[in-house]
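# Reading the structure
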Amino acid sequence: MVQKSETIWFDGKQVPWDEANVHVLTHTLHYGAGVFEGIRAYECADGSSEVFRLEEHMIRLVNSAKILGIKVPYTVAELCAAATETLKRNKLAGAYLRPLVFIGDGVMGVHPGNNPIRTVIATWPWGAYLGDEALEKGIKIKTSTFARHHVNVMMTKAKACGNYVNSVLAKTEAVADGYHEAVLLDTTGHVSEGSGENIFMVVNDVIYTPHSDGVLGGLTRDSIITLATDLGYEVREEPITRDMLYIADEVFFTGTAAELTPVSSIDRREIGEGKAGPVAKLLQTEYFKIVKGENSDYEHWLHRYTI
């Protein structure tokens, strides 16, 4: 269950958690035309806190809205300020943040007319998305029977609410079948991404990930590619097939919520030694140093604040 905070930033005001409500005829509730972000804040070693790549997340939020033809009524700077204000108001040194832009109530029907555009930023404490144990032991995943959206069917570069019906179906199927998570193929049959994560594999110390054309441009994905390159690894973005995953040395997911989570098996085939491999462990360790403010080389990714 989500742990309640004191307030949620709603259309420019701090509103008590239980009063941040909308009408049942809210347009996005019926048709899915809204956009959101997932962002993490971390408590740093020096006692301060930081929001990881906050500005880039808010830029992607605004861009996602633009793709859907929605004009966000706030600037990126205003959204960043609202995010840190909400963290401070709720006294959260570390947290998950959920900005959401959606079409409010008014006319019904597919065309939203002049319905108001609503904006919220909620924050709450949230640990490892797939569990603390998963960061070490890895997770079991399955190839979903659901394909990822074709680029001309849904706008795959938008982090749109409606796009995630696909993810809900894939994740629900995977959990019902006894797995932790799903990996989806694209409409050509190549590996795309997880229900809410990007995917990587390691073969002979070379790191591979599906080309960015067909996947959401994950900021954690981008961070791991940059970090791995800085550590001397070769990173290749190219088509990957499901059988390539089966025989990889390592496979891991990345995402704001998932952070860097190793995969222990896919479709009941053990990957590597069936736990976090050496490349995943190193990247995981270095990533957590960065988000906790222990590597000054990446300070530009941190949006610092104090409670």
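Residues numbered from 1 in each chain as written. Predicted model: local features only at pLDDT ≥ 70, side-chain atom pairs only at ≥ 80, totals over all residues. Heavy atoms only, no water.

Now for the overall build of the protein chain. Looking only at helices and strands, one finds eight helices and 17 strands in the protein chain. Against the globule reference of 19 Å for 307 residues, the protein chain gives a C-alpha radius of gyration of 19 Å, in line with a compact fold. Taking the principal axes of the C-alpha coordinates as reference, the protein chain spans close to 55 × 50 × 30 Å. Across the 307 residues in the protein chain, those meeting the buried criterion constitute 51%. Within the protein chain, contacts between residues separated by at least 24 positions form 70% of all contacts whose residues are at least 6 apart in sequence. Surface accessibility of the protein chain: about 14,000 Å² in total, with carbon and sulfur atoms responsible for 53%. Charged side chains in the protein chain number 29 positive and 40 negative. The centres of these two groups are separated by 4 Å. (Helix = DSSP H or I, 4+ residues; strand = E, 2+ residues; numbered from the N terminus. Rg over C-alpha atoms; globule rule 2.2 N^0.38 Å. Buried < 20%, exposed > 50% of the residue type's maximum accessible area, 1.4 Å probe, protein only. Contact = heavy atoms within 4.5 Å. Areas by Shrake-Rupley, 256 points an atom, 1.4 Å probe, with all protein chains shown as cover. Lys, Arg positive; Asp, Glu negative; His and termini not counted. Charge placed at Lys NZ, Arg CZ, Asp CG, Glu CD.)

Further remarks concern the domain arrangement of the protein chain. Domain annotation of the protein chain identifies domain 1 (7–125) and domain 2 (132–292). Placing a centre on the C-alpha atoms of domain 1 and another on those of domain 2 gives a separation of 26 Å. Residue-level contacts link 24 residues of domain 1 with 21 residues of domain 2. Taking both sides of the interface into account, the surface hidden between domain 1 and domain 2 amounts to around 1,900 Å²; carbon and sulfur atoms contribute 62%. The largest per-residue losses of area from domain 1 upon contact with domain 2 belong to Phe36, Tyr42 and Arg60, which jointly make up 31% of the total buried on that side. At the junction of domain 1 and domain 2, the tally comes to two salt bridges. Viewed at the interface, domain 2 and domain 1 are joined by 13 residue pairs in polar contact (both at pLDDT 80 or more). (Domains from an automatic or database assignment. Buried area = accessible area lost by both parts, 1.4 Å probe. Salt bridge = Lys/Arg side-chain N within 4 Å of Asp/Glu carboxyl O. Polar contact = N/O pair within 3.5 Å; in protein donor to acceptor, adjacent residues only side chain to side chain.)

Tallied over the full model, the rule gives 19 salt bridges. Residues Glu193 and Arg148 are paired through a salt bridge, measuring 3.1 Å at the closest nitrogen-oxygen approach. Placement of Glu193 in strand β10 (residues 191–194) and of Arg148 in the loop between β8 (139–143) and α5 (164–176) is noted, with a sequence separation of 45 residues between them. Salt bridges linked by common partners bring Asp46, Glu299 and Arg304 together as one network.

Over its 13 residues, α5 runs 18 Å from end to end, which matches the ideal 18 Å to within 8%, given 1.5 Å per residue. By the burial criterion, the buried members of α5 are Asn166, Ser167, Ala170, Lys171, Glu173 and Ala174. Summarising the axial view, the buried residues of α5 lie within an arc of 160 degrees, below the 170-degree limit, and thus occupy one face. For α5, exposure combined with an orientation more than 90 degrees from the buried face picks out Val165, Val168 and Ala176. Contacts from the buried residues of α5 go to β8 and β9 (181–185). Immediately beyond the C-terminal end of α5, within one or two residues, lies Gly178, with a positive phi of roughly 95 degrees. (Expected span 1.5 Å × (residues − 1). Arc of directions from axis to C-beta.)

Let us now look at the packing of aromatic side chains. Considering all chains together, one arrives at 11 aromatic pairs under this definition. Measuring from centroid to centroid gives 5.1 Å for Phe200 and Phe252, while their planes differ by 10 degrees, and the two rings are stacked. Taken together, the residues Phe200 in strand β11 (residues 198–203) and Phe252 in strand β14 (residues 250–255) connect sequence positions 52 residues apart. Each of the two residues, Phe200 as well as Phe252, counts as buried. Summarising the aromatic geometry, the rings of Tyr287 and Phe288 are spaced 5.9 Å apart at their centres and angled 65 degrees between planes, so their arrangement reads as edge-to-face. On the accessibility criterion, Tyr287 (2% relative accessible area) is buried. One aromatic cluster is present, formed by Phe52, Tyr287, Phe288, Tyr298 and Trp301 through successive ring pairs. (Phe/Tyr/Trp six-rings, centres within 6.5 Å; stacked < 30°, edge-to-face > 60°.)

Let's shift gears to the packing of helix α2 (residues 54–67) against helix α3 (residues 76–89). Two elements in contact, α2 and α3, have axes whose closest approach is 9 Å; the angle formed by their N-to-C orientations is 125 degrees. As summarised for this structure, α2 and α3 are arranged oblique, according to the angle between their axes. Both α2 and α3 take part in a crossing whose hand is right-handed. Across from Leu54, Glu55, Met58, Ile59, Leu61 and Val62 in α2, the residues of α3 making contact are Val76, Leu79, Cys80, Ala83 and Thr84. (Axes fitted to C-alpha atoms, helices over the stretch in contact; angles between N-to-C directions. Parallel < 35°, antiparallel > 145°, perpendicular 65-115°, else oblique. Left-handed = near helix turned anticlockwise from the far one by under 90°.)

Our focus in this paragraph is the side chain of Arg221. Take Arg221: it is sitting in helix α6 (residues 219–230). Note on Arg221: relative accessible area 6%, which makes it buried. Reaching out from Arg221, the side chain makes a polar contact with the backbone oxygen of Pro210 at a distance of 3.0 Å. Residues within four places of Arg221 in sequence aside, it is in contact with Asn198, Phe200, Thr209, Pro210, His211, Ser212, Val215, Glu237 and Thr254.

Taken as a whole, this structure holds zero disulfides when the rule is applied. Free of any disulfide, Cys161 has its nearest cysteine sulfur in Cys80, 19 Å distant. (Disulfide = S-S within 2.5 Å.)

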